[in-house]
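# Results of the structural survey
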Amino acid sequence: MKMMVRRFSARKGAFLAAVFAASCLPSAAFAEYRSSSDTAADVLDYIENERRAERENRLSEAQETLLKDTAAMQSELRQPMEDHLTPLPTAFEGDELFYDQVTGEFFARGSVKITRIDNRRILSEEIKGNARTQDVVVENEAHLLQVTPGMVRADVRGWKLSYNYGVGIGKVENAEGKVGHQYISGKKIEIFPDHVVVHEGRATKCHAKTPDYSVSAKRIEIYPNDKMVFYDCDLWLKKVRVGHRDRYTADLRPGHEDAPPFPTVGYTKADGVIVSQDFTLPVAKQIDFIPTLQVTSKDGWKGKAELRASGDYGTLHFQYGYWQDRDDNWIRRAPSLHYTFGHHFKDAPIGWGVEAERGRWYNHGIKSTHTYWKVNVYHDPIPLGVGASLTLATDYSVTTESYNQSRIAGLSWSATLLKKFDDRLTVYGKYSYSQVYTGNALFAYNVADYNRALYTGFSYRLTERDRVVCGTAYDIDRRTLNDVDYYWYHDMHCVQLVTRYRVKRDSWSIRLNFTPW
């Protein structure tokens, strides 16, 4: 018969191979998803980003059960816990329990569960240890769960576990599971309150028996929300080894918009197949050299590189090579100096930013010294009730070109209305006035298509793996509907297919992305 002993103290993660070779390194913080759009459909990008974040942070069924059980434990306390006191209340469950009140030693057999009220649990068929020192030892298979605030989130299964649930330090052999956002496996895993070390193991964000992408290494150090360091690592696509690095550090800081560590593969009518991969090479503190291998089936190699220096006062980019905007327009910088800075007020729903660039631009036989600067101000989304919100933004910019001695200056502004009806359907409407647009700009790169435009569209989730988006652009000055774009997002396990069809231009584009699953 199952019995339970509760001890409540009053205290207390031949070219495709070449391009992919150095690309398949997992990172818990994928760069923020940004769609290509000239119908303002990018205002819906947050749906995809929220979905990916939810999938990354989703608790396992065992972790959800643990939280329910510890909540029940807390409800049974006769008085609130004092956080600075130890040991914290711990529950022992098993078919057979033996406890020595003098030494604190215990032995448990049969569906054993040791649950600490701060959301930690150890499960096995047989556990021995000491309740006073809070040490446990498992010789056979063990299951470790940890959802403790301020500590590494873990759900790991393995053999020969030794763990101290008082300080949260232990190790387990031949283990696998999930740590933070990473699915890991290794011959030995060491667990500490703030990090995990995997010996002779593998890490990925793809939860499959044979991951679509992964990295194996002699040693992996995972510091959640900070960094992940790989030593002597091999890169894999499925079962194919495609590269090696002696050491690699992945940035895991939340909101860090670094280049994604995976290749992008796509197709457009104008460029054909496009394969692109960024590499971030640290030069000094807060200074990185970022070369990009980029090739198209129609035009061949279109590489680029930049030297990036970032700090509290903005980011400076020294850029050279071919660059493509979100509307598939190209420009060649040879070279150019680009500066960006953004700030959001702590006590007000307002942010502002500065952007400036000067350099040589080339496209379609035109060569010009391009000079541009902009100051922008925006308001956070203003809740209007019943799932609706309004976003306002404005900027003042000046653009000059040496090619034709042109100068364009003035204000631009926009107002965006967003309405979420339910988890499936979201619609948007946007009015935009742009001082610089393709009608008066020398280069079409990174400028609006229209002087005054009204954009509308919607997003609808068909299934758990499929979502469609429709966006339209109405040119107010010409009184014509100039663009109608359709998007289809389809999840294929750990790879996402994004298809875009531009009705008015009769053109297709396709992009493949690695995503967490």
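The shown structure was predicted, so the numbers you read here are calculated from the model rather than taken from an experiment. (Residues numbered from 1 in each chain as written. Predicted model: local features only at pLDDT ≥ 70, side-chain atom pairs only at ≥ 80, totals over all residues. Heavy atoms only, no water.)

### As for the overall build of the protein chain
- Of the regular secondary structure elements, the protein chain holds 3 helices and 32 strands.
- With the C-alpha coordinates of the protein chain rotated into their principal frame, the extents come out at 90 × 55 × 40 Å.
- Per-residue burial over the protein chain gives 46% buried out of 517 residues.
- Here the protein chain has roughly 26000 Å² of accessible surface; of this, 55% comes from carbon and sulfur atoms. (Helix = DSSP H or I, 4+ residues; strand = E, 2+ residues; numbered from the N terminus. Buried < 20%, exposed > 50% of the residue type's maximum accessible area, 1.4 Å probe, protein only. Areas by Shrake-Rupley, 256 points an atom, 1.4 Å probe, with all protein chains shown as cover.)

### Details of the environment of Ala415
- Relative to the helices and strands, Ala415 resides in strand E26 (residues 406-420).
- Ignoring any residue separated from it by four or fewer positions in sequence, one finds Ala415 in contact with Leu390, Thr391, Leu392, Gly429, Lys430 and Tyr431. (Contact = heavy atoms within 4.5 Å.)

### Observations concerning the packing of aromatic side chains
- All chains considered together, the criterion is met by 9 aromatic pairs.
- Of note, Lys302 hangs over the ring of Trp330, and the distance from its end group to the ring centre comes to 4.0 Å.
- Sitting over the face of the ring of Trp323, Arg333 holds its NZ or CZ atom 5.2 Å from the ring centroid. (Phe/Tyr/Trp six-rings, centres within 6.5 Å; stacked < 30°, edge-to-face > 60°. Lys NZ or Arg CZ within 6 Å of the ring centre and 35° of its normal.)

### Concerning the confidence of the model for the protein chain
- Averaged over all residues, the pLDDT of the protein chain is 87; the fraction at 70 or higher stands at 91%.
- The low-confidence segment residues 1-30 (pLDDT under 50) makes 123 contacts with residues lying over four places distant or belonging to another chain. (pLDDT = per-residue confidence, 0-100.)

### Remarks on unusual backbone geometry
- Omega for the peptide link from Ala334 to Pro335 comes to -15 degrees, which places this bond in the cis form.
- Mapped onto the elements of the fold, Pro335 is located in strand E21 (residues 330-344).
- Even without a glycine there, the phi angle at Asp232 is positive, about 50 degrees.
- Along the polypeptide, Asp232 turns up in strand E12 (residues 227-237).
- Residues other than glycine seldom take positive phi values, yet Lys238 does so here, at roughly 55 degrees.

### Some details on helix H3 (residues 61-75)
- The terminal C-alpha atoms of H3, which comprises 15 residues, lie 22 Å apart, in line with the 21 Å expected from a rise of 1.5 Å per residue.
- For H3, the set of buried residues is Gln63, Leu66, Thr70 and Met73. Across the axial projection of H3, the buried residues extend over an arc of 75 degrees, all falling on one side. Of the exposed residues in H3, the ones pointing more than 90 degrees away from its buried face are Glu61, Lys68 and Ser75. (Expected span 1.5 Å × (residues − 1). Arc of directions from axis to C-beta.)

### A closer look at the environment of Gly471
- Note on placement: Gly471 falls in strand E29 (residues 466-475).
- Between the alpha carbons of Gly471 and Arg308 there is a distance of 34 Å; along the sequence they are 163 residues apart.
- Setting aside residues up to four positions removed in sequence, Gly471 forms contacts with Thr39, Tyr428, Thr456, Gly457, Asp483, Val484 and Asp485.

### What about the pattern of salt bridges?
- Applying the stated rule across the entire model yields 33 salt bridges.
- Here Arg502 ties to Asp327 by a salt bridge, and the two come within 3.0 Å at their closest N and O atoms. Taken together, the residues span a long stretch of sequence, with Arg502 in strand E31 (residues 495-502) and Asp327 in the loop between strand E20 (314-324) and E21 at a distance of 175 residues.
- Overall, the relative accessible area of 8% leaves Arg502 in the buried class.
- Residue Asp483 is joined to Arg505 by a salt bridge in which the shortest nitrogen-to-oxygen separation is 2.9 Å. One end of the pair, Asp483, is in strand E30 (residues 480-492); the other, Arg505, is in the loop between E31 and strand E32 (507-514), and 22 residues separate them in sequence. (Salt bridge = Lys/Arg side-chain N within 4 Å of Asp/Glu carboxyl O.)

### So, the pairing of strand E9 (residues 182-191)
- Taken together, the 9 bridges between strand E8 (residues 169-179) and E9 define a ladder with antiparallel strand orientation. Note that in E9 the partner of Val172 across the bridge is Ile189.
- Between E8 and E9, which pair antiparallel and follow one another directly, the connecting turn spans 2 residues, one of which, Gly180, has a positive phi of 60 degrees.
- Relative to strand E10 (residues 196-204), E9 runs antiparallel, the two being bridged by 8 bridges. Directly across from Gly186, in E10, lies its bridge partner Gly201.
- Taken together, E9 and the strand that follows it, E10, pair antiparallel across an intervening segment of 4 residues. (Pairing = 2+ DSSP bridges.)

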